[in-house]
Amino acid sequence: MPMKACQSQYGKFSYLLRLLASANNLLPSDPYNAANKIIDYYLNKSAKEEEPTPKSSGPPQILSHLKWAMSGGLGVSRLVALDHYPREYRRALRNALSQQQLTAYCKETIPLFVFGPLMLPSFLKSMTDVDAHMDQAQYMNQGSLLGHKLYLFEGSELPVVMPSSQPGDYVDGMLIFNLTAERRGWIHELEASNEVEMRDVRVEIVLDDGNLSTLDAAAFVRAGGEDIGITPASATQWRIDEFLASPWYERTTTGYESC
């Protein structure tokens, strides 16, 4: 097997091992704990990947975002609240903070920028062990991570971001406000590793009056070095549709249905 392929598999499964370790260490052991959910998801996904996929003769899939042309600023990509998305996620996507709300939130704690499964409120609540009926959407807002580029692990749809030397590069995702220290700890156990660390970043959002605001935030970023085992994403946002249809999402969010 070529060296790159070996390293690619290592990169993919080192991420999975972090998920499994955090699940086994932090959650009670039962037949449907997070570790089993992750294993089931990837076993099912691997089986599907081995089956030949017929090429579609239909039109290409419509991009699930719109671009707002902002004069004098970044062309901010907006994630669209499609009808089949969970209700609380649609609410989070449509949320737009006022300058007053933003100032108040940022006085409490520095917000966290996420770009993968944690963008989904039900999944976020499940993985951070909070009340299933908590209104997570009110503490979320779309944003663009400046100066970074989105990548995908080879053979997987799991996303990761890396700093970019191109000033125009950015990644679309969600800002989470008012996270407690305990919830941040759960997220750190899930995301951090020798390759991925929390860093201070700059994020741009659109306020409820249409103006742009750039603020300090934190995000889990892959440290510098060779991009072995990952490939550049074709868009500035992670596509959530396949994950939403996965057994992993269904089992992880059981009991955490959207508010």
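Just so it is clear, the model here is predicted, and its values are computed rather than measured.

A.B. asks: I keep staring at the overall build of the chain and nothing clicks. Help me out?
C.D. replies: Across its full length, the chain carries eight helices and 10 strands. For the chain, the residues scored as buried account for 49% of the 259 residues in total. Across the chain, every contact between residues at least 6 apart in sequence was considered, and the portion connecting residues at least 24 apart equals 75%. For the chain, the accessible area works out to roughly 13100 Å², and carbon and sulfur atoms hold 53% of it.

A.B. asks: What am I meant to see in the packing of aromatic side chains here?
C.D. replies: Aromatic ring pairs: the centre-centre distance and the angle between the two ring planes describe each pair. Evaluated as defined, the whole model comprises eight aromatic pairs. The interplanar angle of 55° and the centroid separation of 5.8 Å between the aromatic rings of W238 and F243 together place this pair among those described as tilted. Like W238, the residue F243 is buried in the burial classification. Here a set of aromatic residues connected by ring pairs shows up, and it is made of F123, W238, F243, W248 and Y249.

A.B. asks: Please clarify how the confidence of the model for the chain should be interpreted in this entry.
C.D. replies: Do not read the predicted coordinates in detail wherever pLDDT is low. Taken as a whole, the chain shows an average pLDDT of 77; of its residues, 68% reach a score of 70 or greater. Between the elements of the chain, mean pLDDT differs from a low of 35, seen in strand 1 (residues 65-68), to a high of 98, seen in strand 3 (residues 112-114). Considering only residues more than four positions removed or in separate chains, one finds that residues 1-77, a stretch of pLDDT under 50, has 111 contacts.

A.B. asks: Can you help me understand the pairing of strand 5 (residues 148-153) in this one?
C.D. replies: Residues in a regular strand project their side chains so that they alternate between the two faces of the sheet. Bridge analysis of strand 5 against strand 6 (residues 159-163) gives five bridges, and the strand direction is antiparallel. Bridging from a neighbouring strand, L152 pairs with P159 of strand 6. Counting the residues in the hairpin turn of strand 5 and strand 6 gives five residues, including G155, whose phi is positive at 80°. As judged from the three bridges shared by strand 5 and strand 10 (residues 230-232), these two strands associate in the antiparallel manner. Bridge pairing links Y151 to P232 in strand 10.

Rules behind the numbers
- Chains are numbered independently. Their residues run from 1 in the order of the written sequence.
- A pLDDT threshold of at least 70 governs which residues receive local features in this predicted model, and a stricter bar of 80 or more applies before side-chain atom pairs are shown or counted, although totals over entire chains, interfaces and linings include all residues.
- Side-chain numbers come from the whole structure's heavy atoms, not from hydrogens or water.
- The way it works is that DSSP assigns letters per residue, a run of H or I at least four long becomes a helix, a run of E at least two long becomes a strand, and they are numbered from the N terminus.
- Residue exposure (1.4 Å probe, protein chains only): buried if accessible area is under 20% of the type maximum, exposed if over 50%, otherwise partly exposed.
- Pairs of residues are marked as contacts when any of their non-hydrogen atoms sit within 4.5 Å.
- Throughout, the Shrake-Rupley method with a 1.4 Å probe supplies accessible areas, and for residues the shown protein chains are the sole cover considered.
- Stacked, tilted and edge-to-face are the three classes assigned to paired rings of Phe, Tyr and Trp, where Trp is represented by its six-membered ring and a pair needs centres within 6.5 Å; plane angles under 30 degrees give stacked, over 60 edge-to-face, the rest tilted.
- What pLDDT expresses is the predictor's confidence in each residue, scored from 0 to 100.
- Pairing between strands is defined by DSSP: at least two bridges between them are needed.

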